[in-house]
Amino acid sequence: MRYVSGLLLACLLWPTVVLGQGRISGLAFGDFYYIASHHDEALKDQNGFWFRRIYFTYDHDLGDDFAFRLRLEMNSPGNFTAGDAVPFVKDAYLRWRFSDRHELYLGISPSALFNLIESVWGYRPVEKAPADLQKLGSSREFGVALRGDLTGDGVVRYHATFGNGEGTRSEGYRGKKLALALQFFPNEAFVVEGYVDYARTAADAVTTTWHAFGAYQTEALRAGLVYEAQQVDVEQGRDRTLRYVSGFVVGRAGKRLNLFGRVDRLLDPNPKGSSIAYIPFATTSKATLWIAGLDLAMNDRVHFMPNIELVTYDADALDTDVYLRWTFYVTF
């Protein structure tokens, strides 16, 4: 039924696009992967092809001040089992530009948690931003968002959201999530961001997350560092804390060649680690994620990115996770 719905949606949208009233775009990325070593013996020597993300996006302007976006996402199962790429709604929002400096979003829109960090890192096809990877929150918020400039020169910017804290899903509890990111752009090369959120999305739990992020970026080099922490307080049971620090660097090595590297240091074991798609972590030990690779741009829309990911653990009893990936990325 989901496939039929997706096909019907495409058929409905196509005449509109042909008439020039809307825009269709998309992207896809995936890998051929091989797991040379893993703390979970069952995954050792696992290999195969998968799509980790496919986007199909429709944008439609509704006059000078309003616009609507609908985006479908599909991806292969990330739990190393066979399965189809099933589409679901990733974005569905009305955007209202109610002044020269401020915009309001209503519906399912990007969250403030790691929107900036992911864009500066620039290699989502290789790996998620740390907060996304470690499941500190969703990349989307279902509710209301405000974005804009607090100063006329755009030096100070903000991104605030108020929603149900369930990502793209409908609400399952009466609690809500409030988040605010403040960004400082002193010049073209530097950016600093502070972020905090407060969520009560379960009957017995309150979650607080915050981070500090700084980055330097030019055409030839970009680098960033983020420290993030999440505290989960529960009425019955054990409170949880997850902290990490992450740094990355990307450098141009040729006209169509970039080199990239990243290190994520988990200062606490992640109790959600085993459910991380495509790269499950052990839940019983602190860990360090190492990423290195190169980006070969065949043209502006096609990239090949061979890379290696290592997860080393503080616990001697756990083997190092070694992922060898040949990643591809296309946009249209």
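Residues numbered from 1 in each chain as written. Predicted model: local features only at pLDDT ≥ 70, side-chain atom pairs only at ≥ 80, totals over all residues. Heavy atoms only, no water.

Enquirer: Looking at this structure, I do not really get a nonpolar patch on the surface. What am I missing?
Expert: A cluster of nonpolar side chains, contributed by L62, F66, F68, W96, F98 and L146, occupies part of the molecular surface with about 500 Å² of accessible area. Along the chain, F68 falls in strand β3 (residues 66-74). Judged by relative accessible area, F68 falls into the partly exposed class, the value being 32%. (Patch = residues over 30% accessible without salt bridge, like charges linked within 9 Å, V, L, I, M, F, W, Y side chains within 5 Å. Areas by Shrake-Rupley, 256 points an atom, 1.4 Å probe, with all protein chains shown as cover. Salt bridge = Lys/Arg side-chain N within 4 Å of Asp/Glu carboxyl O. Helix = DSSP H or I, 4+ residues; strand = E, 2+ residues; numbered from the N terminus. Buried < 20%, exposed > 50% of the residue type's maximum accessible area, 1.4 Å probe, protein only.)

Enquirer: Help me understand the side chain of S246, please; the structure alone is not making it clear to me.
Expert: With respect to the helices, strands and loops of the structure, S246 is situated in strand β12 (residues 240-254). In this structure S246 comes out as buried when scored by relative accessible area, which is 3%. There is a polar contact of 2.5 Å between the side chain of S246 and the side chain of D264. Setting aside chain neighbours within four positions, we find S246 in contact with P130, G224, L225, V226, R262, V263 and D264. (Polar contact = N/O pair within 3.5 Å; in protein donor to acceptor, adjacent residues only side chain to side chain. Contact = heavy atoms within 4.5 Å.)

Enquirer: Where do I start with the nonpolar core in this structure?
Expert: One recurring pattern in soluble globular proteins is that nonpolar side chains are buried together. Ranked by internal contacts, the top residues of the largest apolar core, which has 44 residues, are F213, I279 and F281. Beyond its immediate chain neighbours, meaning those up to four positions away, I279 contacts E127, L133, L289, E309, V311, Y323 and R325. (Core = buried A, V, L, I, M, F, W, Y, C linked by side-chain atoms within 4.5 Å.)

Enquirer: Honestly, the environment of Y33 in this entry has me stumped. Any pointers?
Expert: Looking at the element boundaries, Y33 is found in strand β1 (residues 23-37). Separated by 133 residues in sequence, Y33 and E166 have C-alpha atoms that sit 31 Å apart. In this structure Y33 touches Q46, N47, G48, F49, W50, F80, L324 and R325, once residues within four positions along its chain are discounted. Among the polar contacts made by the side chain of Y33, one reaches the side chain of Q46 at a distance of 3.5 Å.

Enquirer: Can you walk me through the pairing of strand β7 (residues 156-163) in this structure?
Expert: The two faces of a sheet get side chains in turn, since along a regular strand they alternate between them. As defined by bridge partners, strand β6 (residues 140-149) adjoins β7 across 7 bridges and the pair is classed as antiparallel. If you follow R147 over to β7, its bridge partner there is H159. Between β6 and the antiparallel strand that follows it, β7, lie 6 residues; G154 among them carries a positive phi value of about 75 degrees. The pairing of β7 with strand β8 (residues 177-184) spans 8 bridges and is antiparallel. Directly across from Y158, in β8, lies its bridge partner L182. (Pairing = 2+ DSSP bridges.)

Enquirer: I keep staring at the pairing of strand β5 (residues 102-110) and nothing clicks. Help me out?
Expert: Of all 9 residues making up β5, 7 are buried, and the element is well covered by its neighbours. Bridge analysis of strand β4 (residues 88-96) against β5 gives 5 bridges, and the strand direction is antiparallel. For A92, the partnering residue across the bridge sits in β5 and is I108. Counted between consecutive antiparallel strands, the loop separating β4 from β5 contains 5 residues. The pairing of β5 with β6 spans 9 bridges and is antiparallel. Within β6, the residue paired with Y105 across the bridge is A145.

Enquirer: Looking at this structure, how should I read the pattern of salt bridges?
Expert: Oppositely charged side chains may form a pair once their charged atoms are brought near each other. The final tally for this structure, using the stated rule, is 17 salt bridges. Between R262 and D264 there is a salt bridge; the shortest N-O distance is 2.7 Å. We note that R262, like D264, is buried. Each of R53, E73 and K90 takes part in a single network of salt bridges with overlapping partners.

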